[in-house]
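# Commentary on secondary and tertiary structure
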Amino acid sequence: MKRILHVIHGLNVGGAETFIYNILRNIDSSEYHFDFAIQNPEIGHKAFKKLIEEKGGKIYIITDFRRNILKQYRELSSILKSGYDYVHIHMNAFVNPVPAVVASKFPGKVIIHSHNTHNGSGGTPARLLHLLNRRLCMKKDFIRLACGTDAGKWMFRGKDFTVVNNAVDLDRFRYNVEASRNIRRKYGLTDELVIGHMGRFVPEKNQKFIIGLFTRLKQEYPLLKTKLMLCGDGPMKNEIMEFAESSGITQDVIFTGNISEPQDYYSAFDCFLLPSWFEGLAFVAVEAQAAGLKVIASDTNTSEIDVTGNVRFLSLGNDVSAWVDAVKHALAPTDRKKNAGRLAGSKYDLSSLTRTMETIYA
């Protein structure tokens, strides 16, 4: 049996977590064992935690390196003494070098996996750390993976890397009328059109822009019955809620918090918004297409997310009226089953991901 330790900041509802979750659900657990070392003790993805426990995995809570870098070093060293074939380190930026440094001192192979194209937080000091750590650590014989081409270039500039696409379970995410009814009933919705978004409430996800866009939509089309549903949690949630209130649209905005069954919410949406400032590869856009939705995304997203031809890219520099028009067009009735069918056999097929990771972990 191959033993793999995944090192990731936390277990919330994000792209990296979705990637590992999909693998763990489908990989042969008699051949591959996953444990986790995380810094954030608050686990938002309850379904992920339950799956890890069902598969016999352990979740180690380690000290945040920003609080005590030496303690994290010692804790990871202690964990790795039990012996792992692979240490799979998931990163948005190379700000914390401790996992890579510690793992390189043990016999197993080390995987550095890039999940973003930009530093999400920390400002200039974090960018400098990323550049320094990348230069020092990339000299080592690591396996380099990325969620997309741009994410690989950002993390491994000048070095070879392998793009490993996330995958979607088409049966699980297929448009489901009953699931849509259940979600709409839960939030007291009837015939309203629902504009959906999923993501952590952090600056790069740009939820403030979504509130401004939705406010403008309500002003220009007051007779159009619409609701905005924002799924997720994060440090900026209260600020975004206050902005919605000051914009006078609180009664039409639904904040769901973290959710464990996103496929049901996609079924309840009528279109999907993704105006991020930057992303690695926004897999929520692929999931939305699997549910047959049309997606309006910022052109800072890679074109790789458009699998069905139903993603419209717009510049964040455009007047908001262009976004309003795009949303209104996307809300028009469409054949969701036909839209989703275009994903079958694509590079985001779940069986393809499982085979790829089994080859990497060989």
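Up top is the structure.
Residues numbered from 1 in each chain as written. Predicted model: local features only at pLDDT ≥ 70, side-chain atom pairs only at ≥ 80, totals over all residues. Heavy atoms only, no water.

### A look at the packing of helix α1 (residues 15-26) against helix α15 (residues 350-360)
- Interhelical geometry of α1 versus α15 gives an angle of 85 degrees and a closest axis separation of 10 Å. With respect to each other, α1 and α15 are oriented roughly perpendicular. Judged by residue contacts, Phe19, Asn22, Ile23 and Asn26 of α1 engage Leu350, Leu353, Thr354 and Met357 from α15.
- A breakdown of the residues in the contact of α1 with α15 according to their chemical character gives 5 nonpolar, 3 polar and no charged. (Axes fitted to C-alpha atoms, helices over the stretch in contact; angles between N-to-C directions. Helix = DSSP H or I, 4+ residues; strand = E, 2+ residues; numbered from the N terminus. Parallel < 35°, antiparallel > 145°, perpendicular 65-115°, else oblique. Contact = heavy atoms within 4.5 Å. Nonpolar A, V, L, I, M, F, W, Y, C, P; charged D, E, K, R; others polar.)

### What to know about α15
- For α15, the set of buried residues is Leu350, Leu353, Thr354, Met357 and Ile360. Along the axis of α15, the buried residues cluster in a sector spanning 125 degrees; they form a single face. Away from its buried face, by an angle of more than 90 degrees, α15 presents the exposed residues Arg355 and Thr359.
- Along its buried surface, α15 packs onto α1, β4 (86-91), β5 (109-114) and β6 (143-146). (Buried < 20%, exposed > 50% of the residue type's maximum accessible area, 1.4 Å probe, protein only. Arc of directions from axis to C-beta.)

### Observations concerning the pattern of salt bridges
- As enumerated under the stated definition, the model contains 14 salt bridges in all.
- Where Arg216 meets Glu220, a salt bridge forms, and the shortest distance between an N and an O atom there is 2.8 Å. Separated by 4 residues within a single helix, Arg216 and Glu220 lie in helix α9 (residues 207-220), roughly one turn from each other.
- Accessibility expressed as a relative area gives 26% for Arg216, which makes it partly exposed.
- Under the relative-accessibility criterion, Glu220 is labelled partly exposed at 36%.
- One salt-bridge network, in which partners are shared between bridges, spans Arg216, Glu220 and Asp319. (Salt bridge = Lys/Arg side-chain N within 4 Å of Asp/Glu carboxyl O.)

### What to know about the side chain of Asn165
- Turning to its location among the elements, Asn165 is positioned in the loop between β7 (162-163) and α7 (170-173).
- Sequence-distant contacts of Asn165, that is, excluding residues within four places in its chain, are made with Phe19, Cys147, Lys347, Tyr348 and Leu353.

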